[in-house]
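Structure at a glance
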Amino acid sequence: MLRTAILAAVASAAFVAPAMAADITGLWQTETNGGQVEISRCGNSLCGKLLTSDNIKKNPALKDEKNKDPSLRTRPLKGLQLLWGFSGGPTEWTGGKVYKADDGKTYSGTITMTDANTLKLKGCVVAPLCKTQTWTRVK
């Protein structure tokens, strides 16, 4: 009888306890251009840097030529911080910025982790002018 009560308590606790959220840090494959971004913790927020892309593979010395700030156009794309300032979690982070090297613009962003290996990255000029990409975990 006691053993049955203990098993019942453990089983009900398993259904009540929230599932542990997956850690968003790691290497993520972007939806376009074969990009791979490493997301990490930067203090109390999340940030992400570009490790590689199809264009970087062709030319590792590729520069941030489309940046709106002429003084930043000579910095390399490889290792460039594309995400910063995201706070929240464990499945949604808001208040961050997304730099898009393709057009040299910075957007307001949100990141939503839909499962352990998929996230949705949304960047907005001004709501509702937003675009969303799905990224998949590499490791």
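Residues numbered from 1 in each chain as written. Predicted model: local features only at pLDDT ≥ 70, side-chain atom pairs only at ≥ 80, totals over all residues. Heavy atoms only, no water.

**Focus: the sheet that holds strand β2 (residues 36–42)**
The line we're drawing: Whether two strands pair depends on DSSP finding at least two bridges between them. Segments assigned H or I by DSSP are reported as helices when at least four residues long, segments assigned E as strands when at least two residues long, and all are numbered from the N terminus. Between N-to-C directions, angles span 0 to 180 degrees; the directions come from axes that are lines fitted to C-alpha atoms, helices contributing only their stretch in contact.
Strand order in the closed barrel formed by 8 strands is β1-β2-β3-β4-β5-β6-β7-β8, and the pairing between neighbours is antiparallel. With strand direction ignored, the average angle separating the axes of adjacent strands in the sheet is 30°. In the sheet, strand β5 (residues 92–100) pairs with strand β6 (residues 105–115) via 7 bridges, with the strands oriented antiparallel. Directly across from Trp-93, in β6, lies its bridge partner Ile-111.

**As for the state of the cysteines**
Just so we agree on the cut-off: Cysteine sulfur atoms are paired as a disulfide whenever they come within 2.5 Å of each other. Here the term buried applies to any residue with accessible area under 20% of the maximum for its type, exposed to any over 50%, and partly exposed to those in between, with areas from a 1.4 Å probe on protein chains only.
Scanning the model with the defined rule gives 2 disulfides in all. A sulfur-sulfur separation of 1.7 Å characterises the disulfide bridge that pairs Cys-42 with Cys-47. Given the relative accessible area of 33%, Cys-42 is considered partly exposed. Assessed through its relative accessible area of 6%, Cys-47 is described here as buried. With its disulfide-bonded cysteines labelled consecutively along the sequence, the protein chain is connected as 1-2, 3-4.

**Quick word on the side chain of Thr-118**
The condition that has to hold: Whether two residues touch is decided by their heavy atoms; if any such pair falls within 4.5 Å, the residues are in contact.
Residue placement: Thr-118 occurs in strand β7 (residues 118–126). On the basis of relative accessibility, which here comes to 17%, the residue Thr-118 falls in the buried class. Ignoring any residue separated from it by four or fewer positions in sequence, one finds Thr-118 in contact with Trp-28, Thr-112, Met-113, Thr-134 and Trp-135.

**With respect to the packing of aromatic side chains**
Operational definition: Each pair of aromatic rings taken from Phe, Tyr and Trp, with Trp reduced to its six-membered ring, is defined by centres within 6.5 Å and is described as stacked if the planes are under 30 degrees apart, edge-to-face if over 60, and tilted in the remaining cases. Should the NZ of a Lys or the CZ of an Arg lie within 6 Å of a ring centre and within 35 degrees of the ring normal, that charge is described as sitting over the ring.
According to the stated counting rule, one finds 0 aromatic pairs in the structure shown. Residue placement shows Arg-75 over the ring face of Tyr-99; its charged tip is 5.5 Å from the ring centre.

**Brief notes about a positive patch on the surface**
For clarity, the threshold we go by: Two distance rules govern patches: like charges are joined within 9 Å, and nonpolar side chains (Val, Leu, Ile, Met, Phe, Trp, Tyr) within 5 Å, applied only to residues with over 30% relative accessible area and no salt bridge. The protein chains shown are the only cover counted for residues, whose accessible areas, like all others here, come from Shrake-Rupley with a 1.4 Å probe. For salt bridges, the criterion is a side-chain nitrogen of Lys or Arg within 4 Å of an Asp or Glu carboxyl oxygen. Only four residue types enter the charge count, namely Lys and Arg as positive and Asp and Glu as negative; His and the chain termini do not. For the purpose of locating charges, the reference atoms are NZ of Lys, CZ of Arg, CG of Asp and CD of Glu.
Together, Lys-66, Lys-68, Arg-73, Lys-100, Lys-105 and Lys-131 give the surface a local cluster of positive charge. Along the chain, Lys-131 falls in strand β8 (residues 129–137). Judged by its relative accessible area of 66%, Lys-131 is exposed.

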